[in-house]
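Each chain, letter by letter, is given below.
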Amino acid sequence: MTLALLALALSSALPSVDDGWPETVSSPASQDAAVVVGIEKYAFVSHVPFAARDAYAFWSFLVFDRGVPVERVSLLKEDPAKEEIEEAVRKRAAQVGPGGTLWFYFAGHGAPDPSGQDGLLVGVDAKETPESVAARSVTRGWLVRQLNASRARHVVVVLDACFSGRGRAGGEIARGLRPLLPLVALAGLTRGVILTGAASDQMSGPFDRARHGLFTYFLLGGLRGWGQKDSGGVTLEAAYQYARTAMEVVLSSGGREQTPGIEGPAAAKELALVRGLGEKGPPLPSLVAEAGEAPPPAEAVAAPPPNLIDGRFRPQLITGHVIRGWLGVGIQRLTPDLATLLGVGGTKGALVAEVMRGGPAARAGFKSGDVVVSLNGTPVNSPSELTRGVAIVGPGSKIAVGIVRNGKLQTLSVRVGERPDDGMPPPPLAVAAPSPNLIDGRYTLPSERVVYDTQTGLTWQRAIAPEKLNWSDAKSYCNALRLAGGGWRLPSKDELFSLVQVKSLGRTIDTVAFPDTPPDWFWTSSPLAGYSSYAWNVYFGDGYVDYLDVSVTNRVRCVR
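What counts, and at which threshold
Residues numbered from 1 in each chain as written. Predicted model: local features only at pLDDT ≥ 70, side-chain atom pairs only at ≥ 80, totals over all residues. Heavy atoms only, no water. Axes fitted to C-alpha atoms, helices over the stretch in contact; angles between N-to-C directions. Helix = DSSP H or I, 4+ residues; strand = E, 2+ residues; numbered from the N terminus. Parallel < 35°, antiparallel > 145°, perpendicular 65-115°, else oblique. Left-handed = near helix turned anticlockwise from the far one by under 90°. Contact = heavy atoms within 4.5 Å. Nonpolar A, V, L, I, M, F, W, Y, C, P; charged D, E, K, R; others polar. Disulfide = S-S within 2.5 Å. Buried < 20%, exposed > 50% of the residue type's maximum accessible area, 1.4 Å probe, protein only. Pairing = 2+ DSSP bridges. Phe/Tyr/Trp six-rings, centres within 6.5 Å; stacked < 30°, edge-to-face > 60°. Lys NZ or Arg CZ within 6 Å of the ring centre and 35° of its normal. Salt bridge = Lys/Arg side-chain N within 4 Å of Asp/Glu carboxyl O. Core = buried A, V, L, I, M, F, W, Y, C linked by side-chain atoms within 4.5 Å.

Orientation of helix α3 (residues 82-95) relative to helix α5 (residues 140-148), taken along the N-to-C sense of each, is 20°, at an axis distance of 9 Å. Comparing their axes, α5 and α3 come out roughly parallel. Considering only the axes of α3 and α5, their crossing is right-handed. Contact residues: Glu86, Val89, Arg90 and Ala93 in α3; Trp142, Leu143 and Gln146 in α5. Partitioning the contact of α3 with α5 into residue classes produces 4 nonpolar, 1 polar and 2 charged.

The following block contains the structure:
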């Protein structure tokens, strides 16, 4: 069965805005530049559901449909503070060409400043006081000045954040913030179109079923052509009008009010900035009231999600936590170039970048370069669908995984393992002094501060860098490290991935050899081929491998 035929099976599912954007070839927007921000996990105030997914989806639209050069797009979805956002804006505002469009997208908390005269884009480290929110946020006034000073012919600002001082879940960000006085959104912006997800006194909320912000989901759908009436390009005005109509229908049951807005010159609104895919959107009447409710409190036990494969596979609640299925692979999105190289028709599926030694996939015969296209006959359109689909399978169950290898479709039978749970505490360290051979004779301790791997011959820094660093600073930190005689460097992707362990519940690393290793992203020295602004990372919560913008800050462990 071809991938096109497999995709038909999902025709009744909610359409995705996360992937499937075709790469622009005919007229890429080579003069454009963009800053895309999605802050989901705030340090001190409530989280913003799906903000990171929103940002990545908007980044995908810009790069793959609009054709903005990836090296001109800053994607900040890993804990950006005020300074990082401001630096990215200054950098991209200086890069945009005189005929290009400068894009700014923000999903996260918005708030009024303490005076009530300006809006704030809240940074990740703002605390629950008006003074902290004001000090650790980007002001809309500052943003307007930077955008106005650029050479861009047009500026497009998309804010999926309200400025009422409430988050997507409805709670206050900080007590004592005054309501925002009525303003024209980003007043004073020249050459600009501004799209906002909600009025200043409303909550810009989530759409749980789509796992996106309500406004972002339908705006991206509009840009994909869900409301397209002819074969011409999609304008921002048309995409906005589709999003507004869809939101009115979805919220018509009265669960909440959320009214998006658009400001800017009529001529700029009517620019055909994207061509759209001409896709068919979801049947709107069937979605009434599905966007309404705020997520339950974190301590509440949520109902099991819908089965993604069949009725036998569902989350297992055991001893108070959820047991999830796990394959033991590092996966990534399938780009058009990779799809052509691997003989896959289209970009739907999940590319296996790494196969974990001794994991379920390795035992089943998976290889790097395989493309997963189905689970038990249900199509897999993206890496996230593969992760979710396997997660709900009970460990020990057998599933049939459809893959494309060397251009040919085949099926592998896999006995699913148990996924390490990021929420579980790591196994306790042994009380007794560690043996020189820590696990199966693999690791030895030449000293308390370094670890020698007898399998690879590599020597590792046992601790990690004391703070998160961007990619350039991570390399400098390792090169300057004078531990045990020096000679340290940032590990390559393959070297760092060799530390992935499938035996340690809650951490995919040996926690005796490497104590105090958080389930977090760690930098490698390997850049993304062809893109100088991205480098590979390994996530030591589940062994996932992905590339991230070199400007974000992640964990560091050095090797020699």
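Turning our attention to the state of the cysteines. In protein structure, a disulfide is the covalent linkage between the sulfur atoms of two cysteines. Scanning the model with the defined rule gives 1 disulfide in all. The disulfide partner of Cys478 is Cys558, and the gap between their sulfur atoms is 2.1 Å. Handedness of the Cys478-Cys558 disulfide follows from its S-S torsion of about -85°: it is left-handed. Pair noted here: Cys478 is in helix α12 (residues 471-480) and Cys558 is in the segment after β27 (545-549), with a separation of 80 residues, a long-range link. You'll find Cys478 and Cys558 in the same group, each marked buried.

Attention shifts here to the sheet that holds β27. Strands belonging to one sheet form pairs held by backbone hydrogen bonds; the direction of such a pair is parallel or antiparallel. Ordered by their spatial adjacency, 3 strands build an open sheet running β25-β26-β27, and the pairing between neighbours is antiparallel. Strands at the two margins of the open sheet, each flanked by one partner only, are β25 (521-528) and β27. The mean angle between the axes of side-by-side strands here comes to 40°, regardless of whether they run parallel or antiparallel. With 5 bridges joining them, strand β26 (residues 531-539) and β27 adopt antiparallel strand pairing. Paired with Asn537 across the strands is Asp546, a residue of β27. Helix-sheet contacts for α12 involve β25 and β26, and the interaxial angle to β25 is about 100°.

Looking now at the packing of aromatic side chains. The tally for this structure, following the rule as stated, stands at 16 aromatic pairs. Between the aromatic rings of Tyr217 and Phe218, the centroid separation amounts to 5.0 Å while the plane-to-plane angle is 75°, which identifies the pairing as edge-to-face. Judged by relative accessible area, which is 1%, Tyr217 ranks as buried. One aromatic cluster in this structure is built from Phe207, Tyr217, Phe218, Trp226 and Tyr242. The ring of Phe44 carries Lys127 above its face, with NZ or CZ at 5.2 Å from the centroid. Taking the ring centre of Trp536 as reference, the NZ or CZ of Lys493 above it sits at 4.2 Å.

To continue, consider the pattern of salt bridges. One pass over the structure, following the stated rule, counts 11 salt bridges. Here Glu248 and Arg244 are joined by a salt bridge, their closest N and O atoms 3.4 Å apart. Here Arg244 and Glu248 lie together in helix α7 (residues 236-250), a separation of 4 residues that amounts to about one turn. Taking relative accessible area as the criterion, Glu248 reaches 49% and is therefore assigned partly exposed. Among the residues examined, Arg244 registers a relative accessible area of 29% and is labelled partly exposed.

Turning next to the nonpolar core. Core analysis: the largest hydrophobic core is formed by 146 residues, its most contacted members being Phe104, Phe106 and Phe218. Here this core gets 9 residues from one element, more than from any other, and that element is helix α2 (residues 51-66). Excluding its chain neighbours within four sequence positions, the residues that come into contact with Phe106 are Val37, Ile39, Tyr42, Ile85, Leu121, Val122, Val158, Leu159, Asp160 and Ala161. Counting residues in each nonpolar core, the second largest holds 7 residues, with Val344, Leu351, Val373 and Val404 among its members.

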